[in-house]
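The primary structure of each chain is shown beneath.
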Amino acid sequence: MPVFSFLNPAFLWALPAAAIPIVIHLLSRRRLPEVSFPTTQFLRDLEPQEIRRLRLREILLLILRTLAILLLVLAFARPSLTPHNTVAHSAAAVAILIDDSESMAALEEQARPRIEIAKERAAAILEAARPGDEISIATSTRPDANGAGHTTDRVRLKRALERVEATSLPAKMAAAILEARRALQRSRLQARELYVISDLQRANFAPEVRAEIAAAAGAGVRIYLVPLVQGRLPNHAFQDVDPQLRPGPEGRGLELRARLANHADAPSDRVAIRVRRGDALIGGGDITLRSDEVRWVSMPLDWRGAPDAAGSAGPVILESDQDALPADDRWYAALGAPRSLRVLRIAEARDGTPPPRFAALALDPGGDGTGGFTAETGTPASLLSLSRSTTDVVLLEDVASLSADAEAKLRTFLRDGGGLVVALGPHSDPDYYSAHLFQGLIDLALEGTEQAAEGAPFELKARIPGHDVLEGITVGVGSTLTQSRLTALIRGRVTSPRTEIVVQTTGGLPVVATAPGVGVFLSSFSDDWGDLPYSGAFVPLVRGLVSHAARASKTSSTGSLKVGEPPVARLLAAPGAAVLVRGPEGYASQAAIESEGTAYRGVADTPALRPGFYVFESGGKTLATVAVNVDPIESDLAPIQTDSLLMAPRGMGPAAAATAATAAPGPAPAGRIAVLSSANALATHLQDTRRGRELWVTFLLAAAIALALELAVGSARTLRT
């Protein structure tokens, strides 16, 4: 039941003053003197009914005067009502978890960052702390670094709160909630509270996070979710940049490709992109995106000054129009020297007939590399001399199988950063690819040939329209892709989320599958299984697969480094001295050197905490320059529905499920998770739980009403004329 108490109980000593009207009433009942009258004929008889009315009036006045004084005394004593599920009168262990991830730098009303609003909410919790409360402040990006530990020192806590800033790191919300729960359980205080102050970004509240919330509630921790936003804030963001420059249309000039996303419920305005090298503007372009669309854009570039022979890359910065989250409107890229992609096409002659050249013509129609690709044709035996220094991507075109030596050489090439495209066909052995070549490269199981019905060829559609493989291909109804027809393909089945189906038939059969550094076309690049080679989608599709393999292999080796990860660089030769890595804001770290095939890999000892360029040096010479960027996972500013955080989590991982089961063997107690959706809701909650709900205004109004009634009754006529 609710607890009724007084915040100023000293005023209760004035309660005897309520007896003053009673004392006056009793004293006024003295015996009056008798006066003799010669006659009573001129006096009116006093009826018994009027006597009773007079006595009732006196009693009512007495009650109202007593009640008014009583209510006034109680109002000055500040009565409060504390809900039954709070701990207003006992000290508690309180953990304040502040989300300081990249998305908390997003600008809300009046251009205020979300992190400033979060700090205001945390300060309000500190101000309302009860005597004896043990409070800790933690952040979501560094769960192990407890800002002040559990302490009652308010000065220390305020200083820790002042140091909290939005970082460039993604949130580790599950680990942060787990550490907060463990810290609370170590306290000797029985009452435990956890405040999670966050924008509740949907990407940061996976099922594992909800499992940790349920586990904490089941362990006796009262959890209060403090969301800072209620809706999705539109935001466009860079997601990737192709580090390899390509020749422009018809071999003229150079092009740089960047991938942008529009995280919004409506189409974006025209987004301008600028490319800078140092202070010089060297290129740019613009793009308009549909709602939640992700697309690659090609931009002309004026590139002057190729990287030097040491292998260092040319650093450039891409900038777009700023929006709600400025951090993802900039992308750092270490570009390689402008050159054509070198493709080794492996094909076999059949019955003395040379293999079809559709793919070779799609890549290099003039045979001079001016289109951005050079294509050399070889046989499976050519793989025995395969080298990363001469080849970027291997294209296996309708090859039945590879020898053990050729496969081993191909795998070494892939480990060195090369890419692989496999185009199946009528001569390919599905069992060999499933059981041997695809193992460890792409999670795709092949199950035999599927022939289309007579007169009903397979129709194609894009499953991931914004994928880089489909750049330059229209994918809508009536497009060159959807009008292409296949008469047969190899049935495939994806066995893990690591593999993506980019194109499929209208019946759901995979046609194009990709993984990092690998692309697979499950039909034929020849015309024996359909008319695709004659379609307008064929040339960009072949080029898209090769470009994906080259870019993704480079990314998996050293590129696309994220904040929070150690910088990594691929080195052509072993350095002769210790390697030092330097980066933004005074970053400096030693680097370990690892062998990686025929090359070497430098890995910094310390994670990068800021986006920018990181330079690997040895003996006063620059070995490599790598770019580190923010994690795109923080760019979608859509909040999660708070109702989903109050329900039992589904689809959690085994580890999280085990944790939840250990900490909370039964369902979470009702009412242990609450949402404080606004500053007013938080203030009301703190008032109710720290001091109780004050009722002095109510008591004061009641006293005023009692006095008004007393005045009305006292001035009323009690006797009839």
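Residues numbered from 1 in each chain as written. Predicted model: local features only at pLDDT ≥ 70, side-chain atom pairs only at ≥ 80, totals over all residues. Heavy atoms only, no water.

- Looking at an unreviewed UniProt entry, one finds the protein named VWA domain-containing protein, with Eiseniibacteriota bacterium as its source organism.

**Focus on the overall build of the protein**
Thinking step 1. A tally of regular secondary structure across the protein gives 14 helices and 34 strands.
Thinking step 2. Expressed as a percentage of its 721 residues, the buried residues of the protein come to 48%.
Thinking step 3. Taking all contacts inside the protein whose residues are at least 6 apart in sequence as the whole, residues at least 24 apart take part in 75%.
Thinking step 4. For the protein, the accessible surface area stands at approximately 34000 Å², while carbon and sulfur atoms represent 55% of it. (Helix = DSSP H or I, 4+ residues; strand = E, 2+ residues; numbered from the N terminus. Buried < 20%, exposed > 50% of the residue type's maximum accessible area, 1.4 Å probe, protein only. Contact = heavy atoms within 4.5 Å. Areas by Shrake-Rupley, 256 points an atom, 1.4 Å probe, with all protein chains shown as cover.)

**A closer look at a nonpolar patch on the surface**
Thinking step 1. Residues F11, L72, F76, W696, V697, L700, L701 and L707 make up a contiguous nonpolar surface patch of about 730 Å² in total accessible area.
Thinking step 2. Relative to the helices and strands, L701 resides in helix 14 (residues 696-715). (Patch = residues over 30% accessible without salt bridge, like charges linked within 9 Å, V, L, I, M, F, W, Y side chains within 5 Å. Salt bridge = Lys/Arg side-chain N within 4 Å of Asp/Glu carboxyl O.)

**Thoughts on the packing of aromatic side chains**
Thinking step 1. All told, the structure shown has eight aromatic pairs when counted by the stated rule.
Thinking step 2. Plain terms: the ring middles of Y433 and F438 are 5.5 Å apart, the flat faces sit at 50° to each other, and that makes the pair tilted. Taken individually, Y433 and F438 each receive the classification buried, so the pair is uniform in this respect.
Thinking step 3. Members of the aromatic cluster, connected to one another through ring pairs, are Y432, Y433 and F438.
Thinking step 4. Positioned above the aromatic ring of W296 is the side chain of R257, whose terminal nitrogen or guanidinium carbon lies 4.8 Å from the ring centre. (Phe/Tyr/Trp six-rings, centres within 6.5 Å; stacked < 30°, edge-to-face > 60°. Lys NZ or Arg CZ within 6 Å of the ring centre and 35° of its normal.)

**Some details on the sheet that holds strand 21 (residues 485-486)**
Thinking step 1. Here nine strands make up an open sheet; going across it, the order is 16-15-17-18-25-24-23-20-21 and the pairing mixed. With one partner strand each, in any of the chains shown, strand 16 (373-378) and strand 21 form the two edges of the open sheet.
Thinking step 2. In terms of strand pairing, strand 20 (residues 458-462) meets strand 21 through two bridges, oriented antiparallel. In the sheet register, E459 faces strand 21, and the bridge partner there is R485. (Pairing = 2+ DSSP bridges.)

**Section: helix 4 (residues 154-162)**
Thinking step 1. Where helix 4 is concerned, the buried positions are L157, A160 and L161. When helix 4 is viewed along its axis, its buried side chains cluster within an angular range of 100° and face the same direction. Facing away from the buried side of helix 4 by more than 90 degrees, the exposed set consists of R159 and E162.
Thinking step 2. Summarising the contacts, the buried residues of helix 4 are in contact with strand 3 (92-98), helix 3 (114-127) and strand 4 (134-139).
Thinking step 3. The backbone nitrogen of V155 lies 3.1 Å from a side-chain oxygen of the residue at the head of helix 4, namely D153. (Arc of directions from axis to C-beta. Polar contact = N/O pair within 3.5 Å; in protein donor to acceptor, adjacent residues only side chain to side chain.)

**Here we look at the confidence of the model for the protein**
Thinking step 1. Here the protein averages 84 in pLDDT, while 86% of its residues score no lower than 70.
Thinking step 2. Contacts from residues 306-312, a stretch scored under 50 in pLDDT, to residues over four places away or in other chains number 13 contacts.
Thinking step 3. Every residue in residues 651-670 scores below 50 in pLDDT, and together they form 26 contacts with partners more than four places removed in sequence or on other chains. (pLDDT = per-residue confidence, 0-100.)

**Considerations on the side chain of T499**
Thinking step 1. With respect to the helices and strands, the residue T499 is situated in the loop between strand 22 (488-494) and strand 23 (500-505).
Thinking step 2. Only 3.0 Å separates the side chain of T499 from the backbone nitrogen of D443, close enough to count as a polar contact.

**As for the pattern of salt bridges**
Thinking step 1. Following the criterion strictly, the structure yields 33 salt bridges and no others.
Thinking step 2. The partner of D199 in a salt bridge is R114, and the shortest N-O contact between them spans 2.9 Å. Within this pair, whereas D199 is found in the loop between strand 5 (191-198) and helix 6 (207-218), its partner R114 is found in helix 3, the two being separated by 85 residues in sequence. Of the two residues, D199 and R114, both sit in the buried class.
Thinking step 3. Several salt bridges share partner residues, and in doing so they unite R202, R232, D265, D292 and D636 into one network.

**Points about the nonpolar core**
Soluble globular proteins: nonpolar side chains tend toward being buried together.
Thinking step 1. Counting residues in hydrophobic clusters, the biggest one holds 35 residues, and the most contacted among them are L470, V511, V512, F521, F525, L541 and V546.
Thinking step 2. Going through the elements one at a time, strand 15 (341-346), helix 7 (358-363), strand 17 (393-397), strand 18 (419-423), strand 20, strand 23, strand 24 (510-515) and helix 10 (538-557) are the ones with two or more residues in this core.
Thinking step 3. The leading source of residues in this core is helix 10, at seven residues.
Thinking step 4. With residues up to four places along the chain from it excluded, the contact list for L541 reads V469, L470, I473, V512, F521 and L532.
Thinking step 5. Membership of the second largest hydrophobic core comes to 32 residues, among which are I501, A513, V520 and W529. (Core = buried A, V, L, I, M, F, W, Y, C linked by side-chain atoms within 4.5 Å.)

**Here we look at the side chain of R121**
Thinking step 1. Mapped onto the elements, R121 comes out in helix 3.
Thinking step 2. The buried charged residue R121 lacks any salt bridge partner; its closest oppositely charged side chain belongs to E120, at an N-O distance of 5.9 Å.
Thinking step 3. With residues near it in sequence (within four places) discarded, R121 still touches I197, V226, P227, L228, S678, A679 and L682. (Lys, Arg positive; Asp, Glu negative; His and termini not counted.)

**Thoughts on the sheet that holds strand 5**
Thinking step 1. Taken in spatial order, the five strands make up an open sheet running 4-3-5-6-33, and their pairing is parallel. Looking at strand neighbours, the two that pair on one side only are strand 4 and strand 33 (673-675), the edges of this open sheet. Mean inter-strand twist for the sheet, computed between neighbouring axes without regard to direction, equals 15°.
Thinking step 2. One ladder, built from six bridges, connects strand 5 with strand 6 (residues 222-227); its direction is parallel. (Axes fitted to C-alpha atoms, helices over the stretch in contact; angles between N-to-C directions.)

**With respect to the environment of S140**
Thinking step 1. The topology assignment puts S140 in the loop between strand 4 and helix 4.
Thinking step 2. For S140, a relative accessible area of 0% puts it in the buried group.
Thinking step 3. For S140 and L97, which are 43 residues apart along the polypeptide, the C-alpha to C-alpha distance reads 6.8 Å.
Thinking step 4. Non-local contacts of S140, meaning those with residues more than four positions away in its chain, are made with L97, I98, D99, D100, S101, A171, K172, M173 and A176.

**Description of the pairing of strand 15**
Thinking step 1. Most of strand 15 is tucked away, with five of its six residues classed as buried.
Thinking step 2. Inspection of the sheet shows strand 15 paired to strand 16 by six bridges, in the parallel sense. If you follow L344 over to strand 16, its bridge partner there is E376.
Thinking step 3. Remark: the strand 15/helix 7/strand 16 crossover connection has right-handed handedness. (Right-handed = clockwise from strand over helix to strand, strands pointing away.)

**Thoughts on unusual backbone geometry**
Thinking step 1. Positive phi outside glycine occurs at D292, with the angle close to 60°.
Thinking step 2. Assignment of secondary structure puts D292 in the loop between strand 11 (280-287) and strand 12 (294-301).
Thinking step 3. D292 gets classed as partly exposed once you look at its relative accessible area, which sits at 44%.
Thinking step 4. In this model, E585 sits at a positive phi of 55°, which is unusual for a non-glycine residue.
Thinking step 5. On the secondary structure map, E585 appears in the loop between strand 28 (579-582) and strand 29 (588-596).

**Regarding the packing of helix 3 against helix 4**
Thinking step 1. Put simply, helix 3 and helix 4 touch, their axes get as near as 11 Å, and they point 175° apart. Considered as vectors, helix 3 and helix 4 are oriented roughly antiparallel to each other. Every residue of helix 4 that contacts helix 3 at K119, A122, A123, L126 and E127 is listed here: R154, L157, K158, L161 and E162.
Thinking step 2. Its residues assigned to classes, the contact of helix 3 with helix 4 comprises five nonpolar, no polar and five charged. (Parallel < 35°, antiparallel > 145°, perpendicular 65-115°, else oblique. Nonpolar A, V, L, I, M, F, W, Y, C, P; charged D, E, K, R; others polar.)

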